[in-house]
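So the chains spell out like this:
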Amino acid sequence: AGQGKVALKLQVLTVDTPLGHERLEATLGSMPTTSHLREITEPFKGVFFRDFTSLRDMLAHQKLVPPLSAEHKRKAEAMSNRDRGGGAVACALGHYAMWQQAAEAPGWTVVLEDDAVLQRG
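Because the structure is a prediction, the values reported are computed rather than measured.

### Notes on the pattern of salt bridges
Here is step 1 of the chain: Applying the stated criterion to the full structure yields four salt bridges.
Here is step 2 of the chain: Here Arg23 makes a salt bridge to Asp114, at a shortest N to O gap of 3.5 Å. Of the two residues, Arg23 is situated in helix α1 (residues 18-29) and Asp114 in the segment after β3 (108-113); the sequence distance between them amounts to 91 residues.
Here is step 3 of the chain: A relative accessible area of 30% means that Arg23 is categorised as partly exposed.
Here is step 4 of the chain: Here Arg56 makes a salt bridge to Glu77, at a shortest N to O gap of 3.1 Å. Taken together, the residues Arg56 in helix α2 (residues 55-61) and Glu77 in helix α3 (residues 70-82) connect sequence positions 21 residues apart.
Here is step 5 of the chain: Where salt bridges share partners, they join Arg23, Asp114 and Asp115 into one cluster.

### Observations concerning the pairing of strand β1 (residues 8-14)
Here is step 1 of the chain: For β1, the tally of buried residues reaches six of seven residues, placing the bulk of the element in the interior.
Here is step 2 of the chain: As judged from the five bridges shared by β1 and strand β2 (residues 41-45), these two strands associate in the parallel manner. Directly across from Val12, in β2, lies its bridge partner Pro43.

Conventions used here
Residues numbered from 1 in each chain as written. Predicted model: local features only at pLDDT ≥ 70, side-chain atom pairs only at ≥ 80, totals over all residues. Heavy atoms only, no water. Salt bridge = Lys/Arg side-chain N within 4 Å of Asp/Glu carboxyl O. Helix = DSSP H or I, 4+ residues; strand = E, 2+ residues; numbered from the N terminus. Buried < 20%, exposed > 50% of the residue type's maximum accessible area, 1.4 Å probe, protein only. Pairing = 2+ DSSP bridges.

This is the structure in structure tokens:
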């Protein structure tokens with residue numbers, strides 16, 4: 001960014017599925033055409049739970065975060081059982097990885113879901 005300007009990046013958590021692409025396009029389409037938001041927006045491919053045979057398989061083979069400890073795997077399995085299944089854990093892994101990346105990047109990062117709608121005002 002230039003002098004006096006702060007670097008800003010929008011990251012949109014999505015998955016590589018037809019619905020993920022559709023939702024990402026809708027998010028981009030909701031951005032005002034006069035703004036530079038599209039130029040600073042980057043999709044971030046998360047983990048799609050259905051790409052794995054089980055929650056344990058996903059926790060063992062996902063590549064977003066370092067291998068989880070046995071305790072963290074137990075907590076993820078408990079969260080999966082309590083909430084909405086493996087999708088909730090996959091979403092959490094994506095958010096964790098995005099925030100980890102944002103913490104290491106210069107400037108500001110705004111994290112959005114792929115179904116976010118941006119409006120003026």
